[in-house]
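Topology and contacts: notes
Take a look at the letters that make up each chain.
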Amino acid sequence: MKYQVTHTFPVPLDKLLHAREERYKHLDQFPDLKNVTLLEEKKEGNLIHQKRKVSLEGSMPAVLSAALNDLSLLEESTFDITTNTHEFKISPPGKDNVFVIKGKSKYEASGSESKRSYDVDVVSSLLFVSPIVEKAIEEIHKHSLEKDRKSIAKFLGVES
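The following refers to the structure shown.

Basis of the calculations
- Residues numbered from 1 in each chain as written.
- Predicted model: local features only at pLDDT ≥ 70, side-chain atom pairs only at ≥ 80, totals over all residues.
- Heavy atoms only, no water.
- Helix = DSSP H or I, 4+ residues; strand = E, 2+ residues; numbered from the N terminus.
- Buried < 20%, exposed > 50% of the residue type's maximum accessible area, 1.4 Å probe, protein only.
- Contact = heavy atoms within 4.5 Å.
- Expected span 1.5 Å × (residues − 1).
- Pairing = 2+ DSSP bridges.
- Axes fitted to C-alpha atoms, helices over the stretch in contact; angles between N-to-C directions.

What follows concerns the overall build of the protein chain. Of the regular secondary structure elements, the protein chain holds three helices and seven strands. For the protein chain, the sequential pattern of α-helices and β-strands runs β-α-β-β-α-β-β-β-β-α. In the protein chain, which comprises 160 residues, the share counted as buried stands at 41%. Counted over contacts in the protein chain with a minimum sequence separation of 6, partners at least 24 positions apart contribute 52%.

If you want it as C-alpha cells, here you go:
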C-alpha cells in the first residue's frame, strides 16, 4: 500500500533541518517522542545512519498483537545531508513478514517556507489479513508522522 504525506513549515529550510535533528536531544520537551530510543548513529561523509527502537505499547492494533511478541519496531534510516533526503525501513525486529514500512522523505525550500514530503510503501505478508494489516499500519504511521510534524513545529516555535 503506497501513500504520500507532505508537511509545510513557515520557516527557511536550514531551520527545519536543524529542528529535525535537535529535538531528539531535548526529549523532555516532547512527550510524543518518548517512545523513541536512538540505538545507534554513525556519520560517514554526507550520510547519517541511525537505528531507532520505537515502542508501540498501547497503540498496536489487535490484528498485529497476536503476530508479535515484541511490541516495538526497529527503524533503520539514512539521511543524506547533501540532498536532504531520508530513506528508512521500519519493521518489527526479526518479523519482516508481518509488515515493513519503506519510504523516502525529502526536505526542501518552498519560497520563504520549507516542506518535507514522504513517499511510503507498507507491505505485509501475513496470509489472509495483509490488506487489513497494511491499512492499519498506514493509519498508525500517518498519525506518527503528524506527531512528528507537531514536535518539529513546537521546537521551531510555530505551534504550541
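Anyway, onward from the coordinates.
Spanning 27 residues, helix α3 (residues 130-156) covers 38 Å between terminal C-alpha atoms, matching the ideal 39 Å at 1.5 Å per step. Of the residues one or two after α3, G157 is the one with positive phi, at around 80 degrees.

The next thing to look at is the sheet that holds strand β4 (residues 72-80). On the basis of which strands lie adjacent, the open sheet formed by seven strands has the order β1-β7-β6-β5-β4-β3-β2 and antiparallel pairing. Each edge of the sheet is formed by a strand with only one pairing partner; in this case those strands are β1 (2-9) and β2 (36-44). Averaged over all pairs of adjacent strands, the angle between their axes in this sheet comes to 15 degrees, without regard to strand direction. In the sheet, strand β5 (residues 85-91) pairs with strand β6 (residues 100-110) via six bridges, with the strands oriented antiparallel. Paired with F88 across the two strands is G103, which belongs to β6. Where helix α1 (residues 13-22) meets the sheet, its contacts fall on β1, β2, β3 (47-55), β4, β5, β6 and β7 (113-123), and the angle it forms with β6 comes to roughly 145 degrees. Relative to the sheet, α3 contacts β1, β5, β6 and β7, its axis offset from that of β1 by approximately 10 degrees.

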